[in-house]
Amino acid sequence: MAGAYLAAAGINLDEEMSKIQFGASPPPQQSSSLLDAPHASPSSSTPRAPLSRALTKVLGVRLPRKPPKTFWDVSISEGMIESITPHSPAARLGLRPNSSVLDAHEALLAPSLCHAHIHLDKAFLLSDPKFSDLEVTDGSFEEAMTLTTAAKERFDEEDLLRRGRALVSESLAFGVTAMRAFVEVDGTVGMKDLDAGLKLKAEFEGRCEIQIIAFAQLALFSGSDGGNEVRRLMGEAAGREGVDGVGSTPYVEEDGEREGANLRWISDLAVEHGKMLDLHMDYHVDVEKQPLVWDALEVLREADWDGRRGKGVCMGHCTRLTLFVESEWTRLREEIGSMPVSFVGLPTSDLYMMRTEDGRRGTLNVPDMIEKYGLQAAVAVNNVGNAFTPQGSSDPLSVASLGVGLYQAGTKKDADVLYECVSSRAKEIIGLAHSSLDLNPGEPADFVLYEREEVAWRTKKSIAEVVYDPTSRRRTIKSGRLVA
Ligand SMILES: [Zn+2]
């Protein structure tokens, strides 16, 4: 059905799919000025897949911020939006199949999606046959740590690439053109996860921008060797070409003093190597326990992160902040001041794993943080298919959609904010150029096209419809190229 529809739209599905095969796929036989010649990436032995069809125009689209029932033609030049003009039906005449002009048949065109926070190396452990003996039997956080540690002991390049490639290609099909991917670095996995992450980054270059964060999930100052090995390996990882940032989890340290040392060390490491910083912290809902965010902001101030333009700091999880009273939110806004600090809420994981002793759940109210307190924040998928988060897919829109219920955010304006949280805000937080819901000329031509449904009136006409009920009928455009 999709093939028939695409054929009507001038797209040969088989041919398109053959152009977006991964890794070892043969180069296309036909010579076409629209196709890049395949070539090996300089930073990896993995052959880079040929990029697919370059577009100069997308005809007859609905746009998020334009009046309903109006249609537009979007012109693309050098990977950017060149102009947006009212749709001219005459432009459809004489369209050749696979030309650089795509007829969208009144589908909604919106900015592409982004994972602001995803664990690339731990994805799909519950479905990969290699790890089929590691089942969830009690569903606790401790069990998740034990199962994941057992899995990590068996990681090798083959399964890391297999699982990572599945995650990125599924994400790409969902409309994701950028992601911040965490790969762990410690004595158990050494540099294996990082090496695989860097290979995938090269393999998907041009289709999905994969930002690699070398990540210390284990303690930097606790444990039998006082964290020496993890610090040594993280120091080495931070200097590797292709690594975009570093991150840590202060909450795994044995006491408050070591938590502080963790924060200072990882911040210094990021500054020393000119990298971005990502802190996974305050991951509890215990009102008796002081939030670490105040110490973290102190460390960032002392290290002059305010002056490090273009190198931001993300704080992920932060479920402890859900217990903040009004004055603490105000204090947070004030203490951040002009520092490039933002937050990422991970509701799918928090709903599964995070609750008080009397069973109350906690996950950051991201829309409130944005609208009420003027903070910069996004929501993200976090873990996919492992013991930390067994449920859900890698679709960022599923998290935005969950947000409608979670935050009682049902208005059109709410839907726009939730969409931004998995699109423009997510990209901004991780330091990437992004197109807004306005889709202005000069912004990157990174889009999702929400295609026509078989029942025509069910075709998504607005961002609210997409967020309420995400469709799987999507096409992904990155820098003006049809990539999925
Ligand atoms: Zn995480």
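Everything in this summary refers to the structure shown in the same document. Owing to the predicted nature of the structure, the values given are computational and were not obtained by experimental measurement. (Residues numbered from 1 in each chain as written. Predicted model: local features only at pLDDT ≥ 70, side-chain atom pairs only at ≥ 80, totals over all residues. Heavy atoms only, no water.)

### Considerations on the side chain of Ser-99
Line of reasoning, step 1. Along the chain, Ser-99 falls in the loop between β3 (80-86) and β4 (101-103).
Line of reasoning, step 2. For Ser-99, the side chain forms a polar contact with the main-chain nitrogen of Val-101, separated by 3.1 Å. (Helix = DSSP H or I, 4+ residues; strand = E, 2+ residues; numbered from the N terminus. Polar contact = N/O pair within 3.5 Å; in protein donor to acceptor, adjacent residues only side chain to side chain.)

### Here we look at the pairing of strand β11 (residues 313-317)
Line of reasoning, step 1. The element β11 is extensively covered by neighbouring structure, given that five of its five residues are classed as buried.
Line of reasoning, step 2. Pairing geometry for strand β10 (residues 276-281) and β11, over five bridges, is parallel. Each residue of the ladder has a partner; that of His-280, found in β11, is Gly-316.
Line of reasoning, step 3. A crossover connection joins β10 to the parallel β11 through helix α8 (residues 293-302); in handedness this β-α-β unit is right-handed.
Line of reasoning, step 4. In this structure, β11 lies alongside strand β12 (residues 341-345), joined through four bridges in parallel fashion. Following the sheet pairing, Gly-316 is matched in β12 by Val-344.
Line of reasoning, step 5. Handedness of the β-α-β unit built from β11, helix α9 (residues 326-336) and β12 comes out right-handed. (Buried < 20%, exposed > 50% of the residue type's maximum accessible area, 1.4 Å probe, protein only. Pairing = 2+ DSSP bridges. Right-handed = clockwise from strand over helix to strand, strands pointing away.)

### A closer look at the coordination of the zinc ion
Line of reasoning, step 1. Within the protein, His-117 (NE2), His-119 (NE2) and Asn-382 (OD1) serve as the donor atoms for the zinc ion, at 2.1 to 2.2 Å.
Line of reasoning, step 2. Read in sequence order, the donor residues coordinating the zinc ion give the pattern H-x1-H-x262-N. Pair check on accessibility: His-117 and His-119 agree, each one buried. (Donors = N, O, S within 2.8 Å, 3.2 Å for Na, K, Ca; no water.)

### Re the sheet that holds strand β15 (residues 474-478)
Line of reasoning, step 1. Pairing is antiparallel in the open sheet, where four strands are placed in the order β5-β14-β15-β16. Each edge of the open sheet is held by one strand with a lone partner, namely β5 (108-111) and β16 (481-482).
Line of reasoning, step 2. In terms of strand pairing, β5 meets strand β14 (residues 447-450) through four bridges, oriented antiparallel. Directly across from Pro-111, in β14, lies its bridge partner Phe-447.

### Concerning helix α3 (residues 141-154)
Side chains that are three or four residues apart share a direction in an α-helix, a result of its 3.6 residues per turn.
Line of reasoning, step 1. For α3, which comprises 14 residues, the first-to-last C-alpha distance of 20 Å matches the rise-based estimate of 20 Å (1.5 Å per residue) to within 8%.
Line of reasoning, step 2. Along α3, the residues that are buried comprise Glu-143, Ala-144, Leu-147, Thr-148, Ala-151 and Lys-152. What you see down the axis of α3 is that its buried residues fit within an arc of 165°, all on one side. Pointing more than 90 degrees away from the buried face of α3 are the exposed residues Glu-142, Thr-146 and Glu-153.
Line of reasoning, step 3. Along its buried surface, α3 packs onto β7 (176-184) and α10 (347-353). (Expected span 1.5 Å × (residues − 1). Arc of directions from axis to C-beta. Contact = heavy atoms within 4.5 Å.)

### What about unusual backbone geometry?
Phi is mostly negative for residues that are not glycine, and the peptide bonds are mostly trans.
Line of reasoning, step 1. In this model, Lys-69 sits at a positive phi of 65°, which is unusual for a non-glycine residue.
Line of reasoning, step 2. In this fold, Lys-69 is placed in the loop between β1 (57-61) and β2 (72-77).

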